[in-house]
Amino acid sequence: MRKHTSLSRIAVFTIMLFLVQVGFAQSTLDRSIEVSVTEVQEDLNYLSSDELAGRNTGTEGIEKAAVYIEKHFSDLGIKPYFETYRDNYTIGEKKAFNVVGLLKGTDEDLKDEYILIGAHYDHIGNGKEVDGDVIANGANDNAAGTVGVMHLAKHLAEIGANKRSVIFALFSGEEMGLKGSEHLAGKLKMEGVDLYTMINLEMIGVPMKAKDYQAYITGFERSNLAEKFNEYSAGDKVLGFLPQAGQMNLFKRSDNYPFYKEFKVPSQTICTFDFSNYPYYHHVDDEAEFLDAGHMASLIENLIPGLHKMSNTAEKEIKMTE
């Protein structure tokens, strides 16, 4: 009898030790993530280079951007969501496509629930000429958000412990009226996808001024996303409220909105452009040299723990509040 009790205690101790080790590994994993400023800068430089000629939808420039993103996904082992990475559609007679990758969930019960992380990778092509320059490179709008999605994909793939599946989507046609996100949202809805949340990255290339949080979300009051996300991030105030976002109705003006319309789930945009910290909106001087790659890397690092936790909670804790 004593021998049986001793063995039971050993078994319990072994299980407890294993659980502690798993918990410790998870906590140190999140804290040890380091996003390379150099790699962020390199990706930003290319996607906003003159070679891509402003990435207007339907042009050779956006084709080059798509090839670059597809190679990044392929190198990471992120599979195409559809038969290929390209989600084709048309805008009038113009051929267009989104780039969509998939990181499959690891849990049999949760892998058919999806988190979608997106950004638009198109821009306007040419802008008003300044000193002979007509290329609107769109570094902050929205090569920055595109790079954010690419690096979130990299690190979430490297962690490889997401119970829910994660879709990474780069949209074209945003500058033409959210056409790419509208197309993909409708397509996923028709397929019956169980979408948990949609997180959109828009204009994250410069830090905010005099704020006690790192980025704001549009539609702050519509869900508990910011509250739960900050809780998941060990109490760090990563996401906050910007009054101007509501005043300017930004919730309906970015690629999160078509997903909200189709699915009525938390679908919100993360942004650091606060209307006072960057003067080059739709301007030919929106170039990589004026952005802060260190800030971008820091923000991406701070988004990873929250997103990872979102992909692993037993229940859908992030909910609409109105």
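Because the structure is a prediction, the values reported are computed rather than measured.

Q: I'd like a rundown of the side chain of N256, residues and numbers included.
A: Within the element layout of this structure, N256 appears in the loop between α7 (243-247) and α8 (257-263). Separated by 2.7 Å, the side chains of N256 and T269 make a polar contact. Here N256 is in contact with M198, N200, T218, F251, S267, Q268 and T269, once residues within four sequence places are set aside.

Q: Requested: an account of the pairing of strand β7 (residues 165-171), with residues and values cited.
A: Here is the key point about a regular strand: its side chains alternate between the two faces of the sheet. Counting buried positions along β7 yields seven of seven residues, so the element is predominantly enclosed. Going residue by residue along β7, you find S165, I167, A169 and F171 tucked away on one face and V166, F168 and L170 tucked away on the opposite face as well. Of the pairings in the sheet, the one linking strand β3 (residues 94-103) to β7 comprises five bridges and is antiparallel in character. Looking across to β7, one finds that V99 is bridged to L170. Direction of pairing for strand β4 (residues 113-120) relative to β7: parallel, over a ladder of seven bridges.

Q: Could you give an account of unusual backbone geometry, naming the residues involved and the relevant values?
A: Note: most residues except glycine have negative phi, and most peptide bonds are trans. Along the chain, D141 connects to N142 via a cis peptide bond; the corresponding omega equals 0°. As for its placement among the helices and strands, N142 is situated in helix α4 (residues 139-159). You will see that D131, though not glycine, has its phi angle at about 50°, which is positive. Position of D131 among the secondary structure elements: in the loop between β5 (126-130) and β6 (133-135). Classification of D131 by relative accessible area gives exposed; the value is 82%. Even without a glycine there, the phi angle at K264 is positive, about 55°.

Q: Would you mind going over the confidence of the model for the protein chain in detail, with residue names and values included?
A: Averaged over all residues, the pLDDT of the protein chain is 92; the fraction at 70 or higher stands at 90%. Taken together, the stretch residues 1-7 has pLDDT below 50 and engages in zero contacts with residues farther than four places along the chain or on a different chain. Note on residues 10-30: pLDDT under 50 across the span, and four contacts to partners over four residues away in sequence or across chains.

Q: Could you give an account of the packing of aromatic side chains, with specific residues and numbers?
A: Here the structure, examined in full by the defined rule, presents 13 aromatic pairs. Relative to Y280, the ring of Y278 lies with its centre 5.5 Å away and its plane at 90°, an arrangement referred to as edge-to-face. Among the residues examined, Y278 registers a relative accessible area of 6% and is labelled buried. Among the aromatic residues, ring-to-ring pairing joins F73, Y85 and F168 into one connected group. The ring of F82 is capped by K187, whose NZ or CZ atom sits 4.1 Å from the centre of that ring.

Q: Describe the pattern of salt bridges, naming the residues involved and giving the relevant values.
A: Here the structure, examined in full by the defined rule, presents 14 salt bridges. The partner of E39 in a salt bridge is K154, and the shortest N-O contact between them spans 2.6 Å. Residue E39 is found in helix α2 (residues 37-47), and its partner K154 is found in helix α4; the two are separated by 115 residues along the sequence. The class of E39 is partly exposed, set by a relative accessible area of 30%.

Q: Requested: an account of the nonpolar core, with residues and values cited.
A: The biggest cluster of nonpolar side chains holds 70 residues, and the ones touching the most others in it are F168 and L303. Ranked by the residues each element gives to this core, the list is headed by α4, at 11 residues. Excluding residues that lie within four positions of it along the chain, L303 makes contacts with L152, L201, F229, V238, L239 and I270. Counting residues in hydrophobic clusters, the runner-up holds 18 residues, among them Y81, Y114, A185 and V193.

Q: Requested: an account of helix α6 (residues 225-232), with residues and values cited.
A: In terms of burial, α6 is a largely internal element, six of the eight residues being buried. When we look at burial in α6, the residues that qualify are L225, A226, K228, F229, N230 and Y232. A234 sits one or two residues past α6 and shows a positive phi near 60°.

Scoring rules and cut-offs
- Residues numbered from 1 in each chain as written.
- Predicted model: local features only at pLDDT ≥ 70, side-chain atom pairs only at ≥ 80, totals over all residues.
- Heavy atoms only, no water.
- Helix = DSSP H or I, 4+ residues; strand = E, 2+ residues; numbered from the N terminus.
- Polar contact = N/O pair within 3.5 Å; in protein donor to acceptor, adjacent residues only side chain to side chain.
- Contact = heavy atoms within 4.5 Å.
- Buried < 20%, exposed > 50% of the residue type's maximum accessible area, 1.4 Å probe, protein only.
- Pairing = 2+ DSSP bridges.
- pLDDT = per-residue confidence, 0-100.
- Phe/Tyr/Trp six-rings, centres within 6.5 Å; stacked < 30°, edge-to-face > 60°.
- Lys NZ or Arg CZ within 6 Å of the ring centre and 35° of its normal.
- Salt bridge = Lys/Arg side-chain N within 4 Å of Asp/Glu carboxyl O.
- Core = buried A, V, L, I, M, F, W, Y, C linked by side-chain atoms within 4.5 Å.

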